[in-house]
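Structural characterization, general
The lines below spell out each chain.
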Amino acid sequence: TVDPERFMNLSKKNDIEDYVAYCGSVSNDKDGVDQLIQSFAIFSKDFPNVKLYIIGPILKSESLKNIRLIESLGLVEKIVLTGVVSADKIPQLLKDAKLLLLDRPNNMQANCGFATKIGEYLLTKNPIVLTKVGDFSLFFEDRKNIIFSQPDDINDFADNMKWAYSN
């Protein structure tokens, strides 16, 4: 699960670039990273100075596909693929993000699992945009402690990113 002590006494750094972030396995099937990239492309039109940090191990099977997607959408300068980041650096990276994102697709894994990264996201006290899959709606209320998006809908996810970033 999540160790809350890792997130204690963190404060946002003001001298860094604006970014939104996803943290976890860089997987399209599990966490919808390809859909997140597409949603970010829509979001980025309204917020061109904001970057997307994709924090986590890049799976070889999907990395080339996602890199080609990033290139085709003209986002090479706006998306940072960090690769593996040491555990002690993750809390500050998440804290400094303007939004934390999880665009899980509507599939068996998303509907039967509970992403522990949401616990880490909550500890940052940053806004979270999350697809409404699985049991998340039993624990969270839309626009109160999380911003829900419809799964597999890049436009809805982008719209909720824009709303959360603006509010």
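All of the points below concern the structure found in this document. (Residues numbered from 1 in each chain as written. Predicted model: local features only at pLDDT ≥ 70, side-chain atom pairs only at ≥ 80, totals over all residues. Heavy atoms only, no water.)

Before going further, it helps to spend a moment on the side chain of Ser-39. Within the secondary structure layout, Ser-39 lies in helix α2 (residues 33–46). A polar atom in the side chain of Ser-39 sits 3.0 Å from the backbone oxygen of Ile-154. (Helix = DSSP H or I, 4+ residues; strand = E, 2+ residues; numbered from the N terminus. Polar contact = N/O pair within 3.5 Å; in protein donor to acceptor, adjacent residues only side chain to side chain.)

Within the secondary structure layout, Ser-149 lies in strand β6 (residues 147–149). A polar contact of 2.9 Å, which involves the side chain of Ser-149, links it to the side chain of Asn-160. Residues within four places of Ser-149 in sequence aside, it is in contact with Val-129, Leu-130, Thr-131, Lys-132, Asp-156, Phe-157 and Asn-160. (Contact = heavy atoms within 4.5 Å.)

Our next topic: α2. Between its first and last C-alpha atoms α2 spans 20 Å; for 14 residues at 1.5 Å apiece the expected length is 20 Å, and the two agree. For α2, a buried count of 11 out of 14 residues is recorded, marking the element as mostly surrounded by other parts of the structure. Taken together, the buried positions of α2 are Val-33, Asp-34, Gln-35, Leu-36, Ile-37, Ser-39, Phe-40, Ala-41, Ile-42, Phe-43 and Ser-44. (Expected span 1.5 Å × (residues − 1). Buried < 20%, exposed > 50% of the residue type's maximum accessible area, 1.4 Å probe, protein only.)

The grouping of Ile-58, Ile-67 and Leu-81 at the surface amounts to a nonpolar patch, some 200 Å² of accessible area in total. Tracing the backbone shows Ile-58 in the loop between β2 (51–55) and α3 (60–72). (Patch = residues over 30% accessible without salt bridge, like charges linked within 9 Å, V, L, I, M, F, W, Y side chains within 5 Å. Areas by Shrake-Rupley, 256 points an atom, 1.4 Å probe, with all protein chains shown as cover. Salt bridge = Lys/Arg side-chain N within 4 Å of Asp/Glu carboxyl O.)

So, on to the nonpolar core. Core analysis: the largest hydrophobic core is formed by 46 residues, its most contacted members being Val-20, Leu-101, Ile-118, Tyr-121 and Met-161. The element best represented in this core is α2, accounting for 6 residues. Excluding anything up to four places from it in sequence, Met-161 contacts Val-20, Ser-39, Phe-40, Phe-43, Leu-99, Leu-101 and Val-129. (Core = buried A, V, L, I, M, F, W, Y, C linked by side-chain atoms within 4.5 Å.)

Now for the packing of α2 against helix α8 (residues 154–166). In helix packing, the relevant descriptors are the interaxial angle and the interaxial distance, both defined with respect to the helix axes. Interhelical geometry of α2 versus α8 gives an angle of 50° and a closest axis separation of 8 Å. Here α2 is positioned oblique relative to α8, judged by the angle of their axes. The two elements α2 and α8 cross, and the hand of that crossing is right-handed. Facing α2, whose interface residues are Gln-35, Leu-36, Gln-38, Ser-39, Phe-40, Ile-42, Phe-43 and Asp-46, α8 presents Ile-154, Asn-155, Phe-157, Ala-158, Met-161, Lys-162 and Tyr-165. Tallied by class, the residues present in the contact of α2 with α8 amount to 9 nonpolar, 4 polar and 2 charged. (Axes fitted to C-alpha atoms, helices over the stretch in contact; angles between N-to-C directions. Parallel < 35°, antiparallel > 145°, perpendicular 65-115°, else oblique. Left-handed = near helix turned anticlockwise from the far one by under 90°. Nonpolar A, V, L, I, M, F, W, Y, C, P; charged D, E, K, R; others polar.)

With 4 bridges connecting them, β2 and strand β3 (residues 79–83) associate as parallel partners. Looking at the pairing, Ile-54 lines up with Leu-81 of β3. At this point the chain moves from β2, through α3, to the parallel β3, and the crossover so formed is right-handed. (Pairing = 2+ DSSP bridges. Right-handed = clockwise from strand over helix to strand, strands pointing away.)

Let us look at the packing of aromatic side chains. Geometry of an aromatic ring pair is reported as the spacing of the ring centres plus the angle between the planes. Applying the stated criterion to the full structure yields 6 aromatic pairs. For the pair Tyr-19 and Tyr-53, a centre-to-centre distance of 3.9 Å together with 10° between the ring planes defines the contact as stacked. Of this pair, Tyr-19 sits in strand β1 (residues 19–23) while Tyr-53 sits in strand β2; the two residues are 34 residues apart in sequence, bridging distant segments of the chain. Of the two residues examined, Tyr-19 and Tyr-53, each falls in the buried class. Pairing Phe-43 with Phe-47 gives two aromatic rings, centres 4.8 Å apart and planes at 20°, and the pair type is stacked. Judged by its relative accessible area of 0%, Phe-43 falls in the buried class. Clustering of aromatic rings is evident, with ring pairs tying together Phe-40, Phe-43, Phe-47 and Tyr-165. Directly above the ring of Trp-163 sits Arg-143, whose terminal nitrogen or CZ lies 4.0 Å from the centroid. (Phe/Tyr/Trp six-rings, centres within 6.5 Å; stacked < 30°, edge-to-face > 60°. Lys NZ or Arg CZ within 6 Å of the ring centre and 35° of its normal.)

Shape descriptors only; they carry no functional weight alone.
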